[in-house]
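Working through the structure, step by step
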Amino acid sequence: MNFSKSSNQKIDLENTSVSLYIKREDLLHPHISGNKFRKLKYNLEQAKKEKKDILLTFGGAFSNHILAVAAAGHEYGFKTIGIIRGEELADKINQNPTLQKAKDFGMVFDFVSREKYREKSHSEFIEQLKNLYGDFYLLPEGGTNDLAIKGCEEILTSEDEEFNYICCAVGTGGTISGIINCSKNSQQVLGFPALKGDFLREDICRFAVKSNWELVTDYHFEGYGKVSEELIGFINEFYQKYKVPLDPIYTAKMAFGVLDLIRNNYFPVDSKILMIHTGGLQGIAGMNAFLKQKKRTEINIHD
């Protein structure tokens, strides 16, 4: 997979001694951006090696992973199948920007009940899917597996060794695990979960080989997919100030948390902090459709 190298953009802050940068992984690829590009890189190589021409994966209605797999399949010559959570979505594809775009890239959908979806890691369900769709290459929900971690271990480069703190949003735990593994022992990695609860710690420990990390669990904004007026206002203000678009599910919550910690003197004097932009901007269209329906303030990342 070819990509443009991501760059670190300075975020100019006032009245603080710390310096803050954001790594623009969202600019890696127009449709397979951020951590999804990293997670797919070696999985696609492995699928080719195994001579598989079908990619099958799982996701929800607005999944960044679903769209990334569809786009990767389109670009690199794979058929793609998405097992989507929620039977009620089957006749609403054209109302959903994520699913519509994935369909445009050629993805075939199988909409299953939430009860059935919970069997996504059961061998019997996988065998049923093989009987239906043939000998596919299986990508887990969210894309996290050993090869995904390997890809995420390439996020940090030698240019990033100057930073004391590396900050990123946490979904399934794959991206932060790769970052932990490629970080320097002198660096502290902070993860900002987009979900409520502390259960991700165990998932991260499965893949991470170092202990220089911790989770900051105060900035999930009531849970996955939840946004407040405060968060939307923050996204819009951040874009106007720095011309960096943030997605409302992951990166915005992390950036909000980092800036709040800076205001509250969490970081030592003269700390150098790097935030990782993990992409996910495609989800803004779906979020805005929801916000418009609820007559709430929308995300505006346009000049």
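Scroll up to find the structure.
Residues numbered from 1 in each chain as written. Predicted model: local features only at pLDDT ≥ 70, side-chain atom pairs only at ≥ 80, totals over all residues. Heavy atoms only, no water.

**Details of the sheet that holds strand β6 (residues 137-138)**
Spatial strand order, β5-β4-β3-β6: 4 strands in an open sheet with parallel pairing. With partners counted over all chains shown, the strands left at the sheet margins are β5 (108-112) and β6, one partner each. Bridge analysis of strand β3 (residues 54-59) against strand β4 (residues 79-85) gives 6 bridges, and the strand direction is parallel. Residue pairing across strands places Thr-57 opposite Gly-82, the latter belonging to β4. Along the sheet, helix α5 (residues 123-133) makes contact with β3, β4, β5 and β6, crossing β3 at roughly 135°. (Pairing = 2+ DSSP bridges. Helix = DSSP H or I, 4+ residues; strand = E, 2+ residues; numbered from the N terminus. Contact = heavy atoms within 4.5 Å. Axes fitted to C-alpha atoms, helices over the stretch in contact; angles between N-to-C directions.)

**Quick notes on the environment of Leu-138**
With respect to the helices and strands, Leu-138 occurs in strand β6. In the structure, Leu-138 is positioned 36 residues away from Ala-102 in sequence and 17 Å away in space, judged by C-alpha atoms. Leu-138 has contacts with Leu-56, Phe-58 and Ile-126, leaving out every residue within four places of it along the chain.

**Some words on the sheet that holds strand β10 (residues 272-277)**
Pairing is mixed across the open sheet formed by 6 strands, whose spatial order is β1-β2-β10-β7-β8-β9. In this open sheet, the two edge strands, each paired with only one partner strand, are β1 (8-11) and β9 (213-215). Recorded for the sheet is a direction-independent mean angle of 25° between the axes of neighbouring strands. As judged from the 6 bridges shared by strand β2 (residues 19-24) and β10, these two strands associate in the parallel manner. Within β10, the position partnered with Lys-23 by the bridge is Ile-276.

**A word on the pattern of salt bridges**
Enumeration over the complete set of coordinates arrives at 17 salt bridges. Residue Lys-120 pairs with Glu-141 through a salt bridge whose shortest N-O separation is 3.5 Å. You can see Lys-120 sitting in the loop between α4 (114-117) and α5 and its partner Glu-141 sitting in the loop between β6 and α6 (146-152), a full 21 residues away along the chain. A relative accessible area of 25% means that Lys-120 is categorised as partly exposed. Residue classification places Glu-141 among the partly exposed residues on the basis of a relative accessible area of 29%. Across the pair Glu-162 and Lys-272 runs a salt bridge, and its minimum N-O distance is 3.4 Å. In this pair, Glu-162 sits in the loop between α6 and β7 (165-170) while Lys-272 sits in strand β10, placing the two residues 110 residues apart along the sequence. Assessed through its relative accessible area of 46%, Glu-162 is described here as partly exposed. Each of Glu-50, Lys-52 and Asp-135 takes part in salt bridges that share partners, so that together they form one network. (Salt bridge = Lys/Arg side-chain N within 4 Å of Asp/Glu carboxyl O. Buried < 20%, exposed > 50% of the residue type's maximum accessible area, 1.4 Å probe, protein only.)

The analysis is restricted to geometry; functional conclusions fall outside its scope.
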